[in-house]
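# Observations on the model geometry
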Amino acid sequence: LSRRVGLPEAVGLLLSGVLFGPHVLDIFPPQHPVMQFFAEVGMLLLMFFAGLEIDLTLFRQKIYRSLGFGVITTSVPLLLGTLVTLGLGYELLPAIVAGSLIASYTMLGSTIVARLGARNLEPMVVTTGATMVSDTLSLLVFAVCVPLYVSGFSVSGISIQVIEIVVFVPLVLLGLGRVGAWLLRRVEDEEETYFILMFGILAVTALLAEWIKLPGIVGTFLAGLAVNASVKDKPAKGKLAFIGNTLFIPIFFIVTGFLIDPMALARSISQDFILAAGIIGSLLVGKWIAAESCGHAFGFPLAARRTMWSLSLPQVASTLAAALVANKTFNAAGQPLLDERMLNAVLIMVLVTAILGPILTQRYAPLMLRDSTSRKPQGVKTD
């Protein structure tokens, strides 16, 4: 049904969760242990695939421009979102987390670009490569805030947390990248073992992350990046993606929909309109500033800059996963890191940007392609 009306599938799954959940038809119990387990696995797989499916080849081809755009498109929305949330009465750590949620992006419009044959144009290579930088930086900011909120702020606490992250990230990216690649090569002719080993890598990194008080999604995202090159085009990867994308990840989106109370969401829009508008406005303005400033610096035409902006708007995969983790994270006083008001504002943002982003991409990407054919070819060149 979502495909027929041109909506992203994630939005349709969220809405189906709303329909079947406790606030409308009440068909499924929201806290059923089997559904909660499937949803938890789906969330971990979602972040694992986010790291696994980043095109490292395209990232390396324009590495410096990808790094530049990735840093700007993360830091500007993060700063704006934090300032707006602070201005609306939230404390520092919840405000930073709210800013981190709008810092990353999910390239829902990439299929539109691919269908037009514009995937290898330089602006698209830069935008695709920047997803790795954006996802990683926003998750690291989130990873620092979560344990600080739980245990309270202290110089020794934040020092230990930073040291743990500084050790953990290279350990996973470099150590697991090499050890995992070696192990996977040893069993690449045994498809069942290869499949189980990938699942094991996902589970171990999630547990290691939680052991040092980081969200499990940070570990699985880094694990996906670490074994990215090793599992590329392997049959077992396709089978894991098939199971994840047809079972666990859809259940994660559906169970997330159980949390959405349409009446509460409607009240949130009316009573907390400034909060929702502030979060969405910070996202739109922050991503626009990043696309315009970097696009101008790189010499991209207007249509290319607008396409970069539209592709960096949708907030679906990592945003939803991180928002749910933050909503279930409590401090010593029993207060959630992300309260119901902010969670509703984030869900509104997810719905708005998941629809708006592809619509804008559909408008600007053909203009970018027309500009590229009327000028000299803008094929990829290595920095």
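Quick caveat, the model's predicted, so the values are computed rather than measured.

## Regarding a negative patch on the surface
Among the surface-exposed residues, Glu188, Asp189, Glu190 and Glu192 lie close enough to one another that they form a single negatively charged patch. Mapped onto the elements of the fold, glutamate 188 is located in the loop between helix 9 (155-186) and helix 10 (191-211). Among the residues examined, glutamate 188 registers a relative accessible area of 40% and is labelled partly exposed.

## Concerning the nonpolar core
By size, the foremost hydrophobic cluster in this structure holds 115 residues, and its most contacted members are Phe69 and Ile217. Per-element accounting of this core gives the leading share, 13 residues, to helix 18 (residues 340-374). Those residues in contact with phenylalanine 69 that lie beyond four places of it in its chain are Tyr105, Val126, Thr127, Ala130, Ala290, Ala291, Cys294, Phe298 and Met308.

## Digging into empty space enclosed by the protein
Throughout the structure, instances matching the rule amount to 1 cavity of 30 Å³ or more. Empty space within the largest cavity amounts to approximately 60 Å³. If you trace the largest cavity, you find it lined by Ser100, Leu101, Ser104, Ser138, Leu139, Phe142, Ser318, Thr319 and Ala322. When the residues that make up the lining of the largest cavity are grouped by side-chain class, the tally is 4 nonpolar, 5 polar and no charged.

## Re a nonpolar patch on the surface
Where nonpolar side chains cluster on the molecular surface, the patch consists of Leu19, Phe20, Val24, Leu25, Ile27 and Phe28 and spans about 490 Å² of accessible area. Along the chain, leucine 19 turns up in helix 2 (residues 9-20). We classify leucine 19 as partly exposed; its relative accessible area is 39%.

## With respect to the pattern of salt bridges
Taken as a whole and assessed by the stated rule, the structure comprises 5 salt bridges. We note a salt bridge from arginine 65 to glutamate 122, for which the minimum N-O separation is 2.3 Å. Pair noted here: arginine 65 is in helix 5 (residues 63-87) and glutamate 122 is in helix 8 (residues 122-151), with a separation of 57 residues, a long-range link. Note that lysine 239 is salt-bridged to glutamate 191, the shortest N-O span being 2.5 Å.

Cut-offs used in this document
- Residues numbered from 1 in each chain as written.
- Predicted model: local features only at pLDDT ≥ 70, side-chain atom pairs only at ≥ 80, totals over all residues.
- Heavy atoms only, no water.
- Patch = residues over 30% accessible without salt bridge, like charges linked within 9 Å, V, L, I, M, F, W, Y side chains within 5 Å.
- Areas by Shrake-Rupley, 256 points an atom, 1.4 Å probe, with all protein chains shown as cover.
- Salt bridge = Lys/Arg side-chain N within 4 Å of Asp/Glu carboxyl O.
- Lys, Arg positive; Asp, Glu negative; His and termini not counted.
- Charge placed at Lys NZ, Arg CZ, Asp CG, Glu CD.
- Helix = DSSP H or I, 4+ residues; strand = E, 2+ residues; numbered from the N terminus.
- Buried < 20%, exposed > 50% of the residue type's maximum accessible area, 1.4 Å probe, protein only.
- Core = buried A, V, L, I, M, F, W, Y, C linked by side-chain atoms within 4.5 Å.
- Contact = heavy atoms within 4.5 Å.
- 1 Å grid on protein atoms, 1.4 Å probe; cavity = no way out; pocket = protein on both sides within 12 Å on 5 of 7 lines; lining within 4 Å.
- Points joined across faces, edges and corners; volume = space filled by probe spheres on them.
- Nonpolar A, V, L, I, M, F, W, Y, C, P; charged D, E, K, R; others polar.

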